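Spelled out from the first residue to the last, the chains are:
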Amino acid sequence: MKVLIINGPNLNLLGTREPEIYGTVSMETYLDNLKSEFHTHELSYYQSNIEGELINRLQQDDFDALVINPGAFTHYSYAIADCLKNIRKPKVEVHISNIYKREEFRQKSVTAANTDAVLSGFGMDGYRLAILSLK
């Protein structure tokens, strides 16, 4: 199974960004661990701070399933929500922190309704759990 993992804005700073919220492991290090664990899957990773670039990548349609952490775009990107609506493949939204314990504006996801499931608050392990849930 080809699984695309997409991270949105500021998630390129994982490992150094607010470690009390996001931990101290970089996405590159964590991705290596995922690839070791899910050696029967083809995992690819893409991150951008630019909304249109994320949409362009999602529209490439070269994957079987999607794990997406839209970052701040979660809360206001109707463009990404519309894009997700048109992807007819398994897709899981992941949030490293528990968005419901954070600022009020972070507690609403406009993208979640266009995914099959949402994992929030499991730390980096949310990506692993998302992959486990894909069929």
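Our structure's up above, just so we're on the same page.
In this text, all values refer to a predicted model and were calculated from it rather than measured experimentally. (Residues numbered from 1 in each chain as written. Predicted model: local features only at pLDDT ≥ 70, side-chain atom pairs only at ≥ 80, totals over all residues. Heavy atoms only, no water.)

Trainee: How should I be thinking about helix H4 (residues 78-85) in this particular structure?
Mentor: Given 3.6 residues per turn, any residue in an α-helix points the same way as the ones three and four places further on. If you check which residues of H4 are buried, you get Ile80, Ala81, Cys83 and Leu84. The arc that holds the buried residues of H4, viewed along the axis, is 160 degrees, so those residues lie on one side. Along H4, exposed side chains directed more than 90 degrees from the buried face belong to Tyr78 and Lys85. On its buried face, H4 is in contact with helix H3 (51-58), strand E3 (65-69) and strand E4 (91-95). (Buried < 20%, exposed > 50% of the residue type's maximum accessible area, 1.4 Å probe, protein only. Helix = DSSP H or I, 4+ residues; strand = E, 2+ residues; numbered from the N terminus. Arc of directions from axis to C-beta. Contact = heavy atoms within 4.5 Å.)

Trainee: Where do I start with the pattern of salt bridges in this structure?
Mentor: Two side chains that carry opposite charge are able to pair once their charged atoms sit near each other. Applying the stated criterion to the full structure yields 5 salt bridges. With a closest N to O distance of 3.6 Å, Glu37 and Arg128 form a salt bridge. Of the two residues, Glu37 sits in helix H2 (residues 27-37) while Arg128 sits in helix H5 (residues 125-133), which places them 91 residues apart along the sequence. Here the salt bridges share partners, and the residues they tie into one network are Glu37, Asp125 and Arg128. (Salt bridge = Lys/Arg side-chain N within 4 Å of Asp/Glu carboxyl O.)

Trainee: Can you help me understand the nonpolar core in this one?
Mentor: One recurring pattern in soluble globular proteins is that nonpolar side chains are buried together. Val3, Ile5, Leu34, Val67, Tyr127 and Ile131 are the most contacted members of the largest nonpolar core, which totals 22 residues. Top element by residues in this core is H2. It accounts for 4 residues. Among the nonpolar cores identified, the runner-up in size contains 13 residues, and Leu66, Ile68, Phe73 and Ile80 belong to it. (Core = buried A, V, L, I, M, F, W, Y, C linked by side-chain atoms within 4.5 Å.)

Trainee: I tried to follow the sheet that holds strand E5 (residues 117-120) on my own but got confused; where do I start?
Mentor: Either a parallel or an antiparallel arrangement is found when strands of a sheet pair, and the pairing is made through backbone hydrogen bonds. The strand order across the open sheet formed by 5 strands is E2-E1-E3-E4-E5, and the pairing between neighbours is parallel. Looking at strand neighbours, the two that pair on one side only are strand E2 (42-47) and E5, the edges of this open sheet. Strand-to-strand twist of the sheet, defined as the mean angle between neighbouring strand axes without regard to direction, takes the value 20 degrees. Sheet analysis places strand E1 (residues 2-7) next to E3, joined by 5 bridges and oriented parallel. (Pairing = 2+ DSSP bridges. Axes fitted to C-alpha atoms, helices over the stretch in contact; angles between N-to-C directions.)

Trainee: In this structure, what is going on with the packing of H3 against H4? I would like to understand it.
Mentor: Between two packed helices, the angle of one axis relative to the other and the distance separating the axes together describe the packing. Remark: H3 packs on H4, axes separated minimally by 10 Å, with the N-to-C direction vectors making an angle of 5 degrees. Relative to H4, the element H3 lies roughly parallel. In contact with Glu51, Leu54, Ile55 and Leu58 of H3, H4 contributes Ala79, Ile80, Cys83 and Leu84. Classifying every residue of the contact of H3 with H4 gives 7 nonpolar, no polar and 1 charged. (Parallel < 35°, antiparallel > 145°, perpendicular 65-115°, else oblique. Nonpolar A, V, L, I, M, F, W, Y, C, P; charged D, E, K, R; others polar.)

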